[in-house]
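Each chain, written out:
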Amino acid sequence: MIRMRTLEISVGAFVLAGIVGLVFLAFRVSGVGVGETSGNYVLKAKFDDVAGLRVRSKVSLAGVTIGRVAKIGVDSETAEAIVTMEVSGDVDNLSVDTGARIQTEGFLGGRYISLVPGGEDQLLADGDTITNTQGALVLENLIGDVITKLGSK
Amino acid sequence: MLRYLRLLGQWALDWIGALGRASLVWFWSLAGLPRRGDMTLLIKQIYQIGVLSVIIIVLSAFSIGAVLALQGYTQLARVGAQESVGLGVALVLLRELGPVVTGLLFAGRAGSAVTAEIGLMKTTDQLSSMEMMGVDPLHRIVAPRLWAGMICMPLLTLIFNAVAIWGSGLVGVGWLGVDPGGFWGGMQDGVEMWDDIGKGMLKSVVFAMVISWIAVFQGYDSTPTAEGISVATTKTVVYSSVAVLALDFILTLVMYGEFK
């Protein structure tokens, strides 16, 4: 039988290896600590079409990820989609006329929300709704429009 | 006809009886308060079950990570998306392969050993002698092994995941020449701490409980003969493997399924 001290040291090294693994996974693989603090606030936006957007899709400003989509629901009265976004507290100076567009990452990439800065002095607060929006461009609809136009000539 | 029905009924009753005994073993082993000297027993078991499994875990993890990177690269490079190989490999490992393969290896490496050990103790009347001396074998023999299993499996899964992802990076970035920025950056963008790593670890905790439970019970409940031990050891590996795979499907369905 191995001596107790050797045993304890090897078990300690084993636990340490597990912790090192966790740290590696947390920082190298999942990239924790990129603005995921408690200072986040919530913004809403209404779109006529959110095709392809998912919960946890990116919210970006000038190409930098500043938040994630938290919830996608539907407003049954106006038949519009309501997207709830969680935005990092670091970006707290978005003006009320900020625009929100749904764009596509790359050619076949996922959909994300791109915020377009506005010029008003008044700022968006927690829970506010962005009104200046542009929904997803659906390729099929565009092609459909073109065909109808060509046909009507 | 009636005979078959009777056999079926008997088999069902046996099975339910075994489940009852297994639950009692589990309950009574974990119910007791810790006593002096328990720590020593636990550390010995963690060494037997965990530390000695590290080598097989590291070797398998490295090969699996490397193979995933190779296969993923070949397919993704056709559409010029070879940079997403990092994200793909990481998600597959963290969510599924990490806990499952660790579970299967753990059942084969540690579970079978526990069953054989306890089975032999029973065959050589060590368990009944303990009872005669007033020592509860559930507390002294079974409980440390259950706890050690539950402590070691998640740690082994962490090591497995880390080594496998590191291995895939070594092959993907170092050998096949994937851009390291796209490889690691894509991974960090797509992997979530709780949704991917946390839920994967939750799986491994569930697997740990089930595997150590099966291993301990099969040993404790084995027929005290040489043949009985061999049957019990086989049963441990078979039952644990099937349980891990079936539970993985159920857990994935519950945790990642679209239905709520």
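**Student:** What am I meant to see in the overall build of chain A here?
**Tutor:** Summing up its helical and strand segments, chain A has two helices and eight strands in all. Out of the 153 residues belonging to chain A, those deemed buried represent 31%. Considering only residue pairs separated by 6 or more positions, chain A has 62% of its internal contacts joining residues 24 or more positions apart. Of the roughly 9500 Å² that chain A leaves accessible, carbon and sulfur atoms contribute 56%.

**Student:** Can you walk me through the pattern of salt bridges in this structure?
**Tutor:** Oppositely charged side chains can form a pair if their charged atoms are brought close together. All names here are of chain B. Taken as a whole, this structure holds seven salt bridges over all chains when the rule is applied. With its nearest N and O atoms 2.8 Å apart, the salt bridge here joins R21 to D221. Taken together, the residues span a long stretch of sequence, with R21 in helix α1 (residues 2-31) and D221 in the loop between α8 (193-220) and α9 (226-256) at a distance of 200 residues. Measuring nitrogen to oxygen at the nearest pair gives 3.0 Å for the salt bridge that ties R145 to E117.

**Student:** Would you explain unusual backbone geometry in this entry?
**Tutor:** A negative phi angle characterises most non-glycine residues, just as the trans form characterises most peptide bonds. All names here are of chain A. Although it is not a glycine, A62 adopts a positive phi angle of roughly 55°. Within the element layout of this structure, A62 appears in the loop between β2 (58-61) and β3 (64-75). On the basis of relative accessible area, A62 is assigned to the exposed category, the value being 74%.

**Student:** Is there a simple way to think about the packing of aromatic side chains in this case?
**Tutor:** The relation between two aromatic rings is expressed through the spacing of the ring centres and the mutual angle of the planes. In total, this model carries five aromatic pairs over all chains according to the counting rule given. With centroids separated by 5.7 Å and ring planes inclined at 40°, the aromatic side chains of W26(B) and W213(B) adopt a geometry described as tilted. Here W26(B) is found in helix α1, whereas its partner W213(B) is found in helix α8, with 187 residues between them in sequence. We classify W26(B) as partly exposed; its relative accessible area is 28%. On the accessibility criterion, W213(B) (25% relative accessible area) is partly exposed. What links up through ring pairs into an aromatic cluster is the set F24(A), F183(B) and W184(B). Over the ring of W184(B) we find R28(A); its NZ or CZ atom is 4.0 Å from the centre of that ring. The positively charged end of R3(B) is found above the aromatic ring belonging to Y4(B), 5.6 Å away from the centroid.

**Student:** So what exactly am I meant to see when it comes to the sheet that holds strand β6 (residues 111-116) of chain A here?
**Tutor:** Consider a sheet: its strands pair through backbone hydrogen bonds, and that pairing is either parallel or antiparallel. Residue and element names in this part refer to chain A. Reading across the sheet, the eight strands line up as β7-β1-β4-β3-β2-β6-β5-β8 and stay open at both edges, with mixed pairing between neighbours. Two strands lie at the open edges of the sheet, namely β7 (129-130) and β8 (133-134), each paired on one side alone. Across seven bridges, strand β1 (residues 41-47) lies against strand β4 (residues 80-87) in antiparallel orientation. Residue pairing across strands places K46 opposite I82, the latter belonging to β4.

**Student:** Explanation requested: the environment of V242(B) in the structure shown.
**Tutor:** Residue and element names in this part refer to chain B. Counting through the fold element by element, V242 comes out in helix α9. For V242, a relative accessible area of 54% gives the class exposed. Along the sequence, V242 and L104 sit 138 residues apart, while their C-alpha atoms lie 9.1 Å from each other.

**Student:** What's the story with the side chain of S112(B) in this structure? I'm lost.
**Tutor:** All names here are of chain B. Relative to the assigned elements, S112 resides in helix α4 (residues 85-123). A relative accessible area of 13% places S112 in the buried class. Only 2.6 Å separates the side chain of S112 from the backbone oxygen of G108, close enough to count as a polar contact. Ignoring sequence-local partners within four residues, the contact set of S112 consists of A107, T233, T236 and V237.

**Student:** Looking at this structure, how should I read helix α2 (residues 139-152) of chain A?
**Tutor:** Counting along an α-helix, one turn takes 3.6 residues, and residues three or four places apart therefore face a common direction. Compared with an ideal rise of 1.5 Å per residue, which puts 14 residues at 20 Å, α2(A) spans 20 Å between its outermost C-alpha atoms and is within 8% of the ideal. For α2(A), a buried count of zero out of 14 residues is recorded, marking the element as mostly open to its surroundings.

**Student:** Could you clarify how one ought to interpret the nonpolar core in this entry?
**Tutor:** When a protein is soluble and globular, its nonpolar side chains tend to lie buried together. With 64 residues, the main nonpolar core has F14(A), V29(A), F106(B), I165(B) and M187(B) as its most contacted residues. No other element matches helix α6 (residues 137-175) of chain B, which puts 16 residues into this core. Apart from residues no more than four positions distant in its own chain, M187(B) is found in contact with V29(A), G86(B), L87(B), A90(B), I165(B) and G182(B). M85(A), V87(A), I113(A) and L115(A) belong to the second largest nonpolar core, which has 23 residues in total.

Rules behind the numbers
Position numbers for residues start from 1 in each chain and track the written sequence from start to end. The order in which chains are written sets their letters, starting at A; the order in which ligands are written sets their numbers, starting at 1. Side-chain atom pairs in this predicted model are given and counted only at pLDDT of 80 or more, local residue features only at pLDDT of at least 70, and totals for whole chains, interfaces and linings cover all residues. Computation of side-chain values: all heavy atoms of the structure, hydrogens and water removed. Helical segments are the DSSP runs of H or I of at least four residues, strand segments are the runs of E of at least two, and each set is numbered from the N terminus. The cut-offs for exposure are 20% and 50% of the maximum accessible area for each residue type, with area from a 1.4 Å probe on protein chains only; residues under the lower value are buried, those over the upper are exposed, and the others partly exposed. Any two residues having at least one pair of non-hydrogen atoms within 4.5 Å are treated as being in contact. Accessible surface area values rest on a Shrake-Rupley calculation with a 1.4 Å probe, where residue burial reflects the displayed protein chains alone. Salt bridge, as used here, is a side-chain nitrogen of Lys or Arg placed within 4 Å of a carboxyl oxygen of Asp or Glu. Here is the rule: rings of Phe, Tyr and Trp (six-membered ring for Trp) pair when centre to centre is within 6.5 Å. Planes less than 30 degrees apart are stacked, more than 60 are edge-to-face, and the remainder are tilted. Here, a charge over a ring means that NZ of Lys or CZ of Arg falls within 6 Å of the ring centre while also lying within 35 degrees of the ring normal. Whether two strands pair comes down to DSSP finding at least two bridges between them. Definition of a polar contact: a pair of N or O atoms within 3.5 Å, with one able to donate and the other able to accept a hydrogen when the atoms are protein atoms, and with sequence-neighbouring residues admitted only if both atoms are side-chain atoms. A helix is expected to reach a length of 1.5 Å times the quantity of its residues less one. Buried residues of nine kinds, namely Ala, Val, Leu, Ile, Met, Phe, Trp, Tyr and Cys, make up a nonpolar core once their side-chain atoms join them within 4.5 Å.

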